[in-house]
Amino acid sequence: MAVGIFYGTDSGNSETISNKIAGHFGGAKVFDVSKASKADFDSFSSVILVAPTAGAGDLQADWEEFLGTLDDADFASKTIALVGLGDQDTYSDTFAEGIFHIYEKAKAGKVVGFTSTDGYNFEGSRSVENGKFVGLVLDEDNQDDLTDGRIEAWVNEVKGALS
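Residues numbered from 1 in each chain as written. Predicted model: local features only at pLDDT ≥ 70, side-chain atom pairs only at ≥ 80, totals over all residues. Heavy atoms only, no water.

Per an unreviewed UniProt entry, the chain goes by the name Flavodoxin and belongs to Helicobacter mehlei. The record in UniProt for the chain states the following under Function (unreviewed entry): "Low-potential electron donor to a number of redox enzymes." Quoted verbatim from the Sequence similarities (unreviewed entry) field of the UniProt record, the comment on the chain reads "Belongs to the flavodoxin family." (UniProt positions renumbered as here; feature names shortened; annotations may be inferred.)

## Some remarks on unusual backbone geometry
A positive phi angle, near 55°, is found at alanine 96, a position not held by glycine. Note that alanine 96 resides in the loop between β5 (79–85) and α4 (98–106). Here the phi dihedral of asparagine 130 falls at roughly 55°; this positive angle occurs in a residue that is not glycine. Mapped onto the elements, asparagine 130 comes out in the loop between β8 (128–129) and β9 (132–133). (Helix = DSSP H or I, 4+ residues; strand = E, 2+ residues; numbered from the N terminus.)

## Focus: the environment of glycine 26
Tracing the sequence through the fold places glycine 26 in the loop between α1 (13–22) and β2 (29–32). A residue is classified by how much of its surface remains accessible, and glycine 26, at 78% relative accessible area, is exposed. A C-alpha to C-alpha distance of 28 Å links glycine 26 and phenylalanine 100, two positions 74 residues apart in sequence. (Buried < 20%, exposed > 50% of the residue type's maximum accessible area, 1.4 Å probe, protein only.)

## Remarks on the pairing of β2
Inspection of the sheet shows strand β1 (residues 4–7) paired to β2 by four bridges, in the parallel sense. Bridge assignment links phenylalanine 6 to a residue of β2, and that residue is phenylalanine 31. A crossover connection joins β1 to the parallel β2 through α1; in handedness this β-α-β unit is right-handed. (Pairing = 2+ DSSP bridges. Right-handed = clockwise from strand over helix to strand, strands pointing away.)

## Here's the deal with the packing of aromatic side chains
Considering all chains together, one arrives at 14 aromatic pairs under this definition. Geometrically, the ring pair formed by phenylalanine 41 and phenylalanine 75 is tilted, given 5.3 Å between the ring centres and 55° between the ring planes. On the criterion of sequence distance, the pair formed by phenylalanine 41 in helix α2 (residues 38–42) and phenylalanine 75 in the loop between α3 (61–69) and β5 is long-range, its members being 34 residues apart. Take phenylalanine 41 and phenylalanine 75: they sit in the same class, and that class is buried. Of the aromatic side chains, those joined through ring pairs into one cluster are Phe6, Phe31, Phe41, Phe44, Trp63, Phe66 and Phe75. It is lysine 78 that lies over the ring of phenylalanine 41; its NZ or CZ is 4.7 Å from the centre. Over the ring of phenylalanine 25 we find lysine 159, and its NZ or CZ is 5.7 Å from the ring centre. (Phe/Tyr/Trp six-rings, centres within 6.5 Å; stacked < 30°, edge-to-face > 60°. Lys NZ or Arg CZ within 6 Å of the ring centre and 35° of its normal.)

Following this line, the structure appears as structure tokens:
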């Protein structure tokens, strides 16, 4: 079964990351949430939700609008993996909190892909639960050299659960 990858972006980083992740999943379909529909989302039992953090811990605007259309979506029947982007230097106390807002809805389903906070330097994030990020977290501003390795390790961990 195909995996649906949904992203929102302002800078293009989330689109690039989504396409890199899709390269690891044969048949994955990538959607920009500014153009996606609830029907697109509903057509997948396995989804990867990719969101940057806007400002100091906010959800990116396209995601905010799209998430509102999913109020009655059946998250409980889905396997969900989250990918968050953030800037740990500039926004150290709200690092990668964009995915927290999505996680609040997604946790009604089976969320996979929690990752270690090791290797990051930040003060706080609501995207940390029980000592782990609620998904893959990437910092394209300060650690872009680690992105490909982090994606590969994470995909190897979640691929079985999402396929």
